[in-house]
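# Residue-level structural notes
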Amino acid sequence: FTSGIQVSNLALTLVGANSIQSFEDDSQEAQIMKQNYELWVVQCFEKYQWRFAIHSGECSKLESAPIPQWEYGYELPADLIQIIAVFKKNVSPETLGGVTTYKNSMEGEPPYQNYQIFANNTLCTDYGDGIIVNYKKRVPEATWPASFVNFVAYYMAIQLCALVGRQFELQKQLVALTFGSGSNSVYQ
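Residues numbered from 1 in each chain as written. Predicted model: local features only at pLDDT ≥ 70, side-chain atom pairs only at ≥ 80, totals over all residues. Heavy atoms only, no water.

A word on the overall build of the protein chain. Counting its secondary structure elements, the protein chain contains 4 helices and 9 strands. In the protein chain, which comprises 188 residues, the share counted as buried stands at 39%. Total accessible area on the protein chain is roughly 10600 Å²; 49% of this is exposed by carbon and sulfur atoms. (Helix = DSSP H or I, 4+ residues; strand = E, 2+ residues; numbered from the N terminus. Buried < 20%, exposed > 50% of the residue type's maximum accessible area, 1.4 Å probe, protein only. Areas by Shrake-Rupley, 256 points an atom, 1.4 Å probe, with all protein chains shown as cover.)

Bringing the packing of helix 1 (residues 4-14) against helix 2 (residues 28-47) into the picture now. At a minimum axis separation of 11 Å, helix 1 and helix 2 run at an interaxial angle of 120°. Taken as axis vectors, helix 1 and helix 2 run oblique relative to one another. Where helix 1 crosses over helix 2, the handedness of that crossing is right-handed. Every residue of helix 2 that contacts helix 1 at Gly4, Val7, Ser8 and Leu12 is listed here: Glu29, Met33 and Tyr37. Partitioned by chemical class, the residues of the contact of helix 1 with helix 2 number 4 nonpolar, 2 polar and 1 charged. (Axes fitted to C-alpha atoms, helices over the stretch in contact; angles between N-to-C directions. Parallel < 35°, antiparallel > 145°, perpendicular 65-115°, else oblique. Left-handed = near helix turned anticlockwise from the far one by under 90°. Contact = heavy atoms within 4.5 Å. Nonpolar A, V, L, I, M, F, W, Y, C, P; charged D, E, K, R; others polar.)

In this section: the nonpolar core. Among the nonpolar cores identified, the biggest contains 33 residues, and Met33, Phe45, Trp144, Val152, Met156 and Leu160 are the most heavily contacted of them. If near-sequence neighbours (up to four positions away) are discounted, Trp144 is found in contact with Val7, Tyr37, Val41, Phe45, Phe52, Arg138, Val139, Val149 and Val152. (Core = buried A, V, L, I, M, F, W, Y, C linked by side-chain atoms within 4.5 Å.)

With respect to the helices and strands, Thr122 occurs in strand 8 (residues 122-125). Classification of Thr122 by relative accessible area gives buried; the value is 8%. Side-chain polar atoms of Thr122 contact the side chain of Asn121, separated by 3.1 Å. Beyond its immediate chain neighbours, meaning those up to four positions away, Thr122 contacts Leu62, Pro66, Gly73, Tyr74, Leu76, Gln116 and Ile117. (Polar contact = N/O pair within 3.5 Å; in protein donor to acceptor, adjacent residues only side chain to side chain.)

And the structure:
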């Protein structure tokens, strides 16, 4: 599964709907997938801590904070879907064998909590020595593990049941299979 069309067709197949060749097809299925695909994918990334989608990165410091009550602003990564934790950047030089390295310390330090997100792409704070975010990012379909492809397809199929053919009994079955409890659930 290397494209949104392939993932969409898996979901459409689960509900007995017609496959699509493109999001631009002249069909109800294509129009529904075109309008909702990215939203549903992002919701799937947000649902659980998918290890393959977790990343850490240092934020770029802006010249000034966009909101007056904060002293500093940092640009958040463009591929960020959801922040997991924010850490102060502690850079301490270490010399080992004549080579000086800088250790980015996240280990042992509790997450930093004195910040505010502005306009979904800027982190504002009073801490000026650097910020590191641990976050979920949007990963291309070609790199999704099979378990995530399956989860996305089932999640989309649950949404599609109400939109394509009003299949509420099938929707209940898919919800029980995907989110149910105990041995009847794939992801619990």
